[in-house]
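An overview of the molecular structure
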Amino acid sequence: MAASMVEHGEDAFRTLFRFYRRKHPPPDLRNVVDFSKGLDGDKVLSVSLDLTAVSDGAASGVGLRPVREWRAFGLHGYPGFIIIANPFLQGCQPFWVRQCLKMYPQKPNVCNLDMHMSPVDTDDIWGKSANVLRSPPCGKKKEPKTLLEKLRWVTLGYHYNWNTKTYSPDHYTPFPADLHSLSGLIAAGAGFPGFHAEAGILNYYRSDSSLGIHVDESELDHTRPLLSFCFGQSAIFLLGGTRREDPPTAMYMHSGDVMVMSGQSRLLYHAVPRILQDLPSPPPAGLGTALRTGQVSPEQGSLVEEVSEEDWAVCSRYIQSSRVNMTIRQVLGPGQSFPDIRTTKDSDAGPTDGYGEGDTGGQKRRRSNYSETESSNT
Ligand SMILES: O=C(O)CCC(=O)C(=O)O
Ligand SMILES: [Fe+2]
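This text gives an overview of the structure that appears in the document.

**Some thoughts on the state of the cysteines**
By the definition in use, this model includes zero disulfides. Here cysteine 92 is not cross-linked by a disulfide; its sulfur's nearest cysteine counterpart is in cysteine 315, at 14 Å. No disulfide involves cysteine 100; its sulfur sits 9.1 Å from the nearest other cysteine sulfur, which is in cysteine 315.

Right under this line is the structure:
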C-alpha cells in the first residue's frame, strides 16, 4: 500500500503518516495490526517472556498480572520489538492514570507549561483543573481549557532538553519510585533484568494531537530497552525502519498496552499519527471501577492504591478524549557516566528531525513534534 501512495517528494513514512492522520474521509484501518486480537494475520508472532524473573507478589504490587498471564507479541521483521497486551490487573490502570495526571506533573518535574508560565501558575495543575473537569460540561459556548487540558508533556528524572536533544547530570530530579518499580518489573519480565528507569517523557495527547516521525537516540546506552506505557484512548502507532523514509507498519496501541523497543528495534523511526476515540463513555469498568468496588484489593505493601471516586471522576473525564503515554528510558549503562560537556556534540538533530520547529510563547523549544495540525507536524 505504501509504495502506491507515495506522491512527489513524499517518502513512504510521511505518506502513511498523513494517511492515518486524515479526518475526511476517515482512513481505511484494515491494515492496522491489532495485538488485542492475539496471533491474528501473518505479521504477528508470539514472544516468550522470562517467567521466573518477577514474583507474582511483586507483579501485583505494581498492579500487574503474573508474568505467565502476560500476552506478548512481536512483529515479523522487527526483532526486539515487543508488545505486552495490557498486562495490568483488572482495575489497576486507574492508579497509573491518576499518577500521570495528578502526581507526575507536580514539581520538581518539568512540563510544557513551565516554558511560558510562572512557577506559581503551574504549581498545582491538578488542583486548578479538577473542579472544572469534575463538573459536567455546561454544553454552551466553548469553555476555556483547564491547565490539565493544556498539558502536553512532562519529563522525569534526567530531564530531556528539547533544544540540544540531550540529557544532563545538571538537570536531574529523583525519578518516581513507583514508576521505577513498574518499569523494572516489566523490563525483567521481557528479559532485561537490571533495567534502571532514569528518564521519562510523558506525552499527553488530545483527540487531534499527533507525534511526528522520530527516533529516540539521546540515551547513552542503546543496549537498554525503551519502555512505553499507554493509557486512555487508543492510538495508531507507526513503526518504521532505520532510515526515516522506510515504510512503516501501522498498529493499534490500546489502553494498558506496554511496548518494549529493544535490540535491533531500539533505534527504529516511529510516530503516532492519530488518536482514536474508541473508549466507551464513561470508560469501562475494567479500567475504572473495579478497584474501588473491591474486586481487587491491593495487598499490604502494594504501591497501587485505591483511586477515590472524586479523583476518578476527573481522570475518566480526561481520558474520554485523551491519551497518555509514558516512555521510560535508562540513560546510562552500568558504570557509565556522562561525557565531559566539552566533548558532547550539542545536537543530534540530523536523524531526529521529526522533532520540528515549535512555538510556545516566543521561545524556540518544547516538544515541537507534538502538533495539533497536520501541516506543522512533519
Ligand atoms: O505516544 C507514543 O506511543 C510514543 C511516544 C514516543 O515515541 C516518545 O515519547 O518518544
Ligand atoms: Fe519515541
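**Section: the pairing of strand E6 (residues 199–206)**
Counting buried residues in E6 gives eight out of eight residues, a clear majority hidden from the surface. Two elements, strand E5 (residues 153–157) and E6, share five bridges in a ladder whose sense is antiparallel. Across the sheet, residue tryptophan 153 finds its bridge partner in E6, namely asparagine 203. Bridge count between E6 and strand E13 (residues 322–329): eight bridges; the pairing is antiparallel. Note on E13: the bridge partner recorded for leucine 202 is methionine 326.

**Some remarks on the coordination of the iron ion (ligand 2)**
At 2.0 to 2.2 Å from the iron ion (ligand 2) lie its protein donor atoms, namely His214 (NE2), Asp216 (OD) and His270 (NE2). Between consecutive donors of the iron ion (ligand 2), the numbers of intervening residues give the motif H-x1-D-x53-H. Of the two residues, histidine 214 sits in strand E7 (residues 210–214) while histidine 270 sits in strand E12 (residues 270–275), which places them 56 residues apart along the sequence. On the basis of relative accessibility, which here comes to 2%, the residue histidine 214 falls in the buried class. Accessibility expressed as a relative area gives 6% for histidine 270, which makes it buried.

**Some details on the packing of aromatic side chains**
A complete count under the given rule lists nine aromatic pairs for this structure. Aromatic side chains phenylalanine 88 and phenylalanine 231 sit 5.6 Å apart centroid to centroid with 55° between the ring planes, which places their arrangement in the tilted category. Within this pair, whereas phenylalanine 88 is found in the loop between strand E3 (81–85) and helix H4 (93–103), its partner phenylalanine 231 is found in strand E8 (residues 226–232), the two being separated by 143 residues in sequence. Taking the relative accessible area as the measure of exposure, phenylalanine 231 reaches 1% and is therefore buried. Here the aromatic rings of phenylalanine 95 and tryptophan 96 are separated by 4.9 Å at their centres, their planes lie at 80°, and the arrangement is edge-to-face. For phenylalanine 95, a relative accessible area of 2% translates into the label buried. For tryptophan 96, a relative accessible area of 0% translates into the label buried. An aromatic cluster is defined as three or more aromatic residues linked by ring pairs; in this entry it consists of Trp153, Tyr160, Trp162 and Tyr167.

Thresholds, definitions, all that
Residues numbered from 1 in each chain as written. Chains lettered and ligands numbered in written order. Predicted model: local features only at pLDDT ≥ 70, side-chain atom pairs only at ≥ 80, totals over all residues. Heavy atoms only, no water. Disulfide = S-S within 2.5 Å. Buried < 20%, exposed > 50% of the residue type's maximum accessible area, 1.4 Å probe, protein only. Helix = DSSP H or I, 4+ residues; strand = E, 2+ residues; numbered from the N terminus. Pairing = 2+ DSSP bridges. Donors = N, O, S within 2.8 Å, 3.2 Å for Na, K, Ca; no water. Phe/Tyr/Trp six-rings, centres within 6.5 Å; stacked < 30°, edge-to-face > 60°.

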